[in-house]
Amino acid sequence: MQKKTNFGIIVAVTVLSLIGLLMVFSTADLHTLTKQAVWLVIAMITAIVLSRIPPRFWSNIAPALYIGAIILLLILLLTQSSYPKRWFKIGTISIQPSEFAKFATVVFLASYLAARKKMKQFSDLLVPLVIIAMPAILIFFEPDLGSAQIFFPILLLMLYWAGMPATKIFIFFSPLVSAAASFIIYVWVAYFIGLTVFLYFNKQLNDFIYGTVSNFLAGLVMPLVWNLLKPYQQERIITFFSPWVDPRGMAWQTIQSKIAIGSGGIIGKGFLSGTQKKLEFLPLRHTDFVFSCLGEEFGLLGIILTTLVFAYLFYELLLLTRTTKNRFSSIIVAGVLAWLGYQTFVNMGMTLGLLPITGVPLPFISYGGSSLLACYMAK
Amino acid sequence: MDENIKKFKFLRNVIIGTAIIIIIASIKLQVIEGKKYSRLAEKNRIRQRYITASRGKIFDRNGIEIANTRPGFYVSVIQSMIDNKTLESISKILDIDKKTAQDKFKLEKNPFMPVKIAHDISYRQLSIIEENIDDLKGIEVGVEPLRNYPYGELLCHLLGYVGEITHQEIKRLQGYSINDYIGRMGIEEHNENQLKGNYGIEFVEVDARGREIGKIAEKRTIPAVNGQDFYTTIDAVLTESVAVYLEKYEKAACVCLDPKNGDILVLYSKPGFDPNLFVHGMKKKEWEILNKAPDAPMYNRALMSCYPGGSTFKPFVALAALDANMITPEKTFKTCTGKYRLGRRTFKCWKRHGKLQLSGAIIHSCDIYFYQLGVFIGIDTIVSRISKLGFGKLTGIDLPGEKKGLLPDRAFFEKKYGKNWTEGHIFNLSIGQGDLLATPLQMACAYTIFANDGEIVIPHVTKTDDHAYHTTNISQASIEIIKEMLAGVVAFGTGGLARLDDYVVCGKTGTVQNPHGDDHALFIGYGPGEAPAILVCLVVENAGHGGSVAAPAVGKIIRTFLNNTRLTQYAKED
C-alpha cells in the first residue's frame, strides 16, 4: 500500500511465515502444509499487487469494499443453515468472510477519519463506532466472539491515531468498563466513585453528565445482557476466572496449553516430538494453539525469538505510521497494527493462560488461508 | 508533530511492554514451573493401571474346585478425564447411581488412575459402551478375573464371599487398591492373606482420548502376584447329599467331621444365599433384604447359632456320674410315671418309662431318670467334667464368627437367680435344657470323646496332617459304657430311624423345646461303631422330634459317606 517497500517488514513477515509453515508441518499433515504453502504464495502475490495500487484508489473504493463485506456477512448469516456460520464452503476450500470484513472495515474507517482533521466531539466518535459495530455485530452473531472483539481495539487505535484525545476516548467508552465492573457490586461502586471524581476535575460539564449517566445505566443493564449471552460464551468467560473447576470443559484447553508450553522448558522437546501435541492433548493444534506447540517443541528460546520478531514487525509498522506522509495510509497502518498486534497478544495470552480462550489465530503462523491472505493484504 | 511523537512513544512502549509480558509469562511457565508442567505432561501421557491379581482357588478334599475365577468385563473411570455428562450417560448404561460411582472413584487420590465402578457387566452393556466409546471420555472397559463359586448357595457359609473393598478398609489395611475385592465371612475372610495375591501396576502411553498407544519402555510393569490356592477338608459331594436330605426343611445346620482328626467334611447351614451375587457389587437394597431377612440367610447356623443340647446332652451327664464313680450302670431311681413333683412344680417326661437303669434311661431318653441323676451327683460334678468337653468355649475352628455358647455352673446360677436357685435348674441342665447353649459344631466336637476314645478333636477346614486334640482325663471305662448305650439308642431306642443295614451307627436323639415355636430336632451320631469315620451333628429347626426328623437324615448321611469311601477304596484296590 505504500510506494516504498519496507525491507524490515518483509523480512519479519517472511520469518514468521516460515515459522508458520514449520509449525503447520509439525502439527498437521503434508496435505495441510501444501494448502498453507499455496495460500502463502497467493497471499504474497496479492500483497505485491495491492501495494502497487495508489492510496487514492483505495480511498475511492473504500465504501464499496465495506458495503461488499457487510453484504457477504449478511449472506453468510442468512444462507448457511447450521451454526456456527463462519465459513463459505466452495468445493474443498472454505473461506472466512470475517477476515475480509476486517480489512474492508479498516480501509473504510481510515478513509472516513482521514477526511476529518479535528476530532474533539463525541459526535465525531459516533460514526466510526457505527462503522465498526455493523460488521462486529454480524460476526458476533455467527457466532465468533474472537473475531468480533478485534474490531474494538482497531477502532480505539485508529481514533487515537487520527487525533482523538485519549481522555475523550476513555470517557466515551467508559460505560463498557462500568458494565464489566457491574459483576461485582463493590468493584462497580468503587469504579463509579473514582470516575465521578475524575470527571469532576476534568471540568467538562458535557463529559460529566454523559459519563455519570451512561456509566450508571451500563452498570444497571449489563447483568441483564449477560443472561442473553450463549451459554458457551458465558462458560468461556467464567472458566477463565476459575480454570481448574471443570478440567474437561473449556478450561481443559487452557490447562493442556499451559502444560504443553511449560513442559517445553528452556530448549523445548525438539521439532516434531512434542508429546502434548502428538498425543492430541492440545486442541486445534494447527490453528488457535499453534503457539503452544511452538512453546512445547522449541521451548523458551522459540517463544522469545517469535515474540521478538513480532515486536520488531509491530515496531516497524509503528515507524511506518509516522513516516508515511499520507494521512489516509497512516491511519490504515495504525488500524492494521492494532488488528495484528491485538490478535497476536490475545492468541499468545490465551495459550499462556493469561487471557480467556476466544479462538483467535496467531497472525502468519496459524494455519488458515483466509487469515493469511488478510494478513498479507493488510501489509 | 509533537503530538505524533508522544503517540508514537506511547505505542512503542505498549509494544515493548506487551512483548515483555509475553516473555515473562513464558519464563514463568517454562523455567520457574517447568518441572511441574513436565510432570503433568508425563501424567497426561503415561497411564498407570492396576493389574488385578487372580484370587487363589479353593479345593475340596477330593480336589474339586469349590471356588475359582472366571473372566468378566469391568468398567473403569479416569477422574481427570470424565465430565458430568459422560458420568450421567455411563451411570444410565450401567444402571447404577451416579453418586455411588462418584463416591467410589473419589477415593483414588491419583486422578489419572482408572477406578473400576462396575464389575461383570452384561454383553448388552458392553456393546453399548463399545459403540459409544468415543463419546465416553475417561471410560475404560477391560477384562478381569472374577471370583466364581460353582456350587453357589451350597457352600456359601463355609466359603463366605468376596465384596468390594470399602473406604475404611483401604485406610486400615495395606496392600490393597481401590479396585480390589476382599474376602468376607468363611474361608474367604479367614484365609484372605493367602488367597488374595498382590496387584501389579502397568504403565501405558495413551493419547488425549485415552486410546492406548503402547507400553512404555522406561517404566517397567510391576507384575501382579496371583493368590495361592487353598485346600480344604470339605467334601463337596457329601455336602450336596446333605442338602438333598434336608430339602424339605427350611432351617437347619449340619456339621460332619472326621472324629479321628477333626477334618470338617460338611459345614452346612440353611437357608443360604448365592455368594456369586456379591461379585457384581450389591446394591444397598439387595444387601439390606439379604441381611435383614427374618430367617437370617447370612448366618452360619453351624457355628453361630446356639441351641440347648436337649437330650443329646444326657450322655455327658451320665459320663460325669460314671467318671466320678458316684453310680454304676445298674443304678436306679424313682420309677418314671411321666410326672415328677418338685415342691409345687411338676416336671414331665415325654412318656411313662417305668423303672429304668442308666442304659435304659439313655436308650429311651428318660427325663425323670436324669432329673434325679443330676441332683444326685450335683452341679459341680456335672460342670467340672463337662467343661472339659468344650462347652462354653470356642472350638478353635479356623473360620471367623464362631460363638462360645454357655455352660451354666454354680456361679452362673447364683448370679442369675440369686441364692434361691433350685434343684429345678439342675433338672433342666441334666436334660440339656434351660440355660445351656451350644453350637452344632461344639456338640459335634464334644461327641468325639465317644467316637475318638477320650480325645476331643480341634475341628479345622484347612487340609493338614497336623492334628490337635484336647485330652479330657475321663476314664476310658466310663466312655466305653456310654458308647455301648449310644449304639443301643440306634439299635433299639429313640434313634431307630438312623439304623443302617451295613454299618453300626451310634448316636443320640434330642428334641429341644423352643419357646418361640415348634421344637428343634437334633441327632448326633457316628459310624461305623467299631471304627468311626464320620460324626454328624444335625439340627433341624422347628421340625419336631429328633428321633423322627433328624435321626433318619443322619443315617442317610453316614451311609452316603461310608459308601462313597468304600467305592473309592475299591477303585484304588483295583
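Worth saying up front: this structure is predicted, and the values here are computed from it rather than measured. (Residues numbered from 1 in each chain as written. Chains lettered and ligands numbered in written order. Predicted model: local features only at pLDDT ≥ 70, side-chain atom pairs only at ≥ 80, totals over all residues.)

Another point: the overall build of chain A. Secondary structure assignment for chain A yields 15 helices and two strands. Per-residue burial for chain A yields a buried fraction of 48% across its 379 residues. Put simply, 68% of the contacts in chain A that link residues at least 6 apart link residues at least 24 apart. (Helix = DSSP H or I, 4+ residues; strand = E, 2+ residues; numbered from the N terminus. Buried ≥ 20, exposed ≤ 12 C-beta atoms within 10 Å, placed from the backbone. Contact = placed C-beta atoms within 7 Å.)

Before going further, it helps to spend a moment on the overall build of chain B. Scanning chain B from terminus to terminus reveals 21 helices and 19 strands. In chain B, of all internal contacts separated by at least 6 residues, the share reaching a separation of at least 24 is 72%.

With that out of the way, let us pick up the confidence of the model for chain B. Residues of chain B with pLDDT of at least 70 account for 98%, and the chain-wide mean is 87. This prediction of the complex comes with two scores: 0.66 for pTM and 0.82 for ipTM. (pLDDT = per-residue confidence, 0-100.)

Core analysis: the largest hydrophobic core is formed by 117 residues, its most contacted members being Cys254(B), Cys256(B), Tyr447(B) and Leu538(B). Sequence-distant contacts of Tyr447(B), that is, excluding residues within four places in its chain, are made with Ile524(B), Tyr526(B), Leu535(B) and Cys537(B). In this structure, Ala12(A), Leu138(A), Leu159(A) and Trp339(A) belong to the second largest nonpolar core, which totals 85 residues. (Core = buried A, V, L, I, M, F, W, Y, C linked by C-beta atoms within 7 Å.)

Residue and element names in this part refer to chain B. As summarised here, the arrangement of the five strands in space is E12-E11-E19-E18-E17, forming an open sheet in which the pairing is antiparallel. Edge positions in the sheet fall to strand E12 (264–270) and strand E17 (506–512), since each has one partner strand and no second. Strand-to-strand, the axes of this sheet are offset by a mean angle of 5°, without reference to chain direction. Two elements, strand E11 (residues 252–257) and E12, share six bridges in a ladder whose sense is antiparallel. Residue cysteine 254 lies in a different strand from E12, and its bridge partner there is tyrosine 268. Against the sheet, helix H19 (residues 440–451) makes contact with E11, strand E18 (520–527) and strand E19 (534–540), and its axis sits at roughly 145° relative to E19, the strand it touches most. Contacting E11, E17, E18 and E19, helix H21 (residues 546–573) crosses the sheet at an angle of about 30° to E18. (Pairing = 2+ DSSP bridges. Axes fitted to C-alpha atoms, helices over the stretch in contact; angles between N-to-C directions.)

What follows is about helix H16 (residues 379–386) of chain B. Within the span of H16(B), buried status applies to Ile379(B), Ile382(B), Val383(B), Arg385(B) and Ile386(B). For H16(B), the secondary structure elements touched by its buried residues are helix H13 (314–323), helix H15 (367–377), helix H17 (410–417) and helix H18 (423–430) of chain B.

With that out of the way, let us pick up the environment of Leu290(B). All names here are of chain B. With respect to the helices, strands and loops of the structure, leucine 290 is situated in helix H11 (residues 284–292). For leucine 290, a count of 16 C-beta atoms within 10 Å corresponds to the partly exposed category. As a C-alpha pair, leucine 290 and phenylalanine 273 span 17 residues in sequence and 7.9 Å in three-dimensional space. Non-local contacts of leucine 290, meaning those with residues more than four positions away in its chain, are made with Phe273, Pro297 and Met298.

Residue and element names in this part refer to chain B. The three strands are arranged E1-E8-E9 in an open sheet whose pairing can be described as antiparallel. Each of the sheet's edge strands pairs with one partner strand only, and the pair in question is strand E1 (46–51) and strand E9 (212–215). Neighbour-to-neighbour, the strand axes of this sheet turn through a mean angle of 40°, independent of strand direction. As paired elements, E1 and strand E8 (residues 200–206) share six bridges and run antiparallel to each other. The partner of isoleucine 46 across the bridge, within E8, is glutamate 205.

In this section: the packing of helix H10 (residues 236–245) of chain B against H21(B). Residues and elements named next belong to chain B. Where H10 meets H21, the axes come as close as 10 Å, and the angle between the chain directions of the two elements is 155°. With respect to H21, the axis of H10 lies roughly antiparallel. For the pair H10 and H21, the crossing hand works out as right-handed. Contacts between H10 and H21 involve Val237, Leu238, Ser241, Val242 and Tyr245 from the first element and Ala553, Lys556, Ile557, Thr560, Phe561 and Asn564 from the second. Counted by class, the contact of H10 with H21 contains seven nonpolar, three polar and one charged residues. (Parallel < 35°, antiparallel > 145°, perpendicular 65-115°, else oblique. Left-handed = near helix turned anticlockwise from the far one by under 90°. Nonpolar A, V, L, I, M, F, W, Y, C, P; charged D, E, K, R; others polar.)

This next bit is on the packing of helix H3 (residues 55–79) of chain A against helix H5 (residues 123–140) of chain A. Residue and element names in this part refer to chain A. Following both chains from N to C, one finds H3 and H5 inclined at 20°, their axes separated by 10 Å at the closest point. Comparing their axes, H5 and H3 come out roughly parallel. The crossing of H3 and H5 is left-handed. Seen from H3, the contacting residues are Ala69, Ile70, Leu73, Leu74 and Leu77; seen from H5, they are Met134, Pro135, Leu138 and Ile139.

To continue, consider the interface of chain A and chain B. Taken together, the contact between chain A and chain B spans 35 residues of the former and 34 residues of the latter. Residue assignment for the side of chain A that touches chain B shows that the elements contributing at least two residues are helix H6 (145–162), helix H11 (250–264), helix H12 (275–278), helix H13 (290–323) and helix H14 (327–351) of chain A. With twelve residues, the top contributor of residues to the side of chain A that touches chain B is H13(A). When the residues that make up the side of chain A that touches chain B are grouped by side-chain class, the tally is 20 nonpolar, eleven polar and four charged.

Now for the pairing of strand E4 (residues 114–118) of chain B. Residue and element names in this part refer to chain B. Counting buried positions along E4 yields five of five residues, so the element is predominantly enclosed. By the bridge criterion, four bridges tie strand E3 (residues 65–78) to E4 in an arrangement that is antiparallel. Bridging from a neighbouring strand, valine 77 pairs with valine 115 of E4.

Let us look at the confidence of the model for chain A. All names here are of chain A. Taken residue by residue, chain A gives an average pLDDT of 77. The fraction at 70 or more is 82%. For chain A, helix H15 (residues 369–378) is the element with the lowest average pLDDT, namely 48, and H13 is the one with the highest, namely 87. Counted against residues more than four places away or in other chains, residues 243–248, with its pLDDT under 50, gives 15 contacts.

It is worth spelling out H6(A) at this point. The terminal C-alpha atoms of H6(A) lie 27 Å apart, and with 18 residues this matches the ideal 26 Å at 1.5 Å per residue to within 8%. Following H6(A) by one or two positions, Gly163(A) has its phi on the positive side, about 115°. (Expected span 1.5 Å × (residues − 1).)

For the rest of this paragraph, the subject is unusual backbone geometry. All names here are of chain B. Here the amide bond leading from lysine 270 into proline 271 is cis, since omega sits at 0°, within 30 degrees of zero. Within the secondary structure, proline 271 is located in the loop between E12 and H11. Of note, the amide linkage connecting glycine 527 to proline 528 takes the cis form, showing an omega dihedral of -15°. Among the secondary structure elements, proline 528 is positioned in the loop between E18 and E19. Within the chain, methionine 185 stands out as a residue other than glycine whose phi angle is a positive 65°. Residue placement: methionine 185 occurs in the loop between strand E7 (181–184) and helix H8 (186–190). Here methionine 185 falls in the buried class, since 23 other C-beta atoms lie within 10 Å of it. One non-glycine residue, serine 365, adopts positive backbone phi at about 55°. Inspection of the secondary structure assignment puts serine 365 in the loop between helix H14 (358–363) and H15.

So, on to the environment of Ile71(A). Residues and elements named next belong to chain A. Locating isoleucine 71 in the fold gives a position in helix H3. Overall, the presence of 11 C-beta atoms within 10 Å leaves isoleucine 71 in the exposed class. Residues isoleucine 71 and alanine 101, spaced 30 residues apart in sequence, show a C-alpha to C-alpha distance of 9.9 Å.

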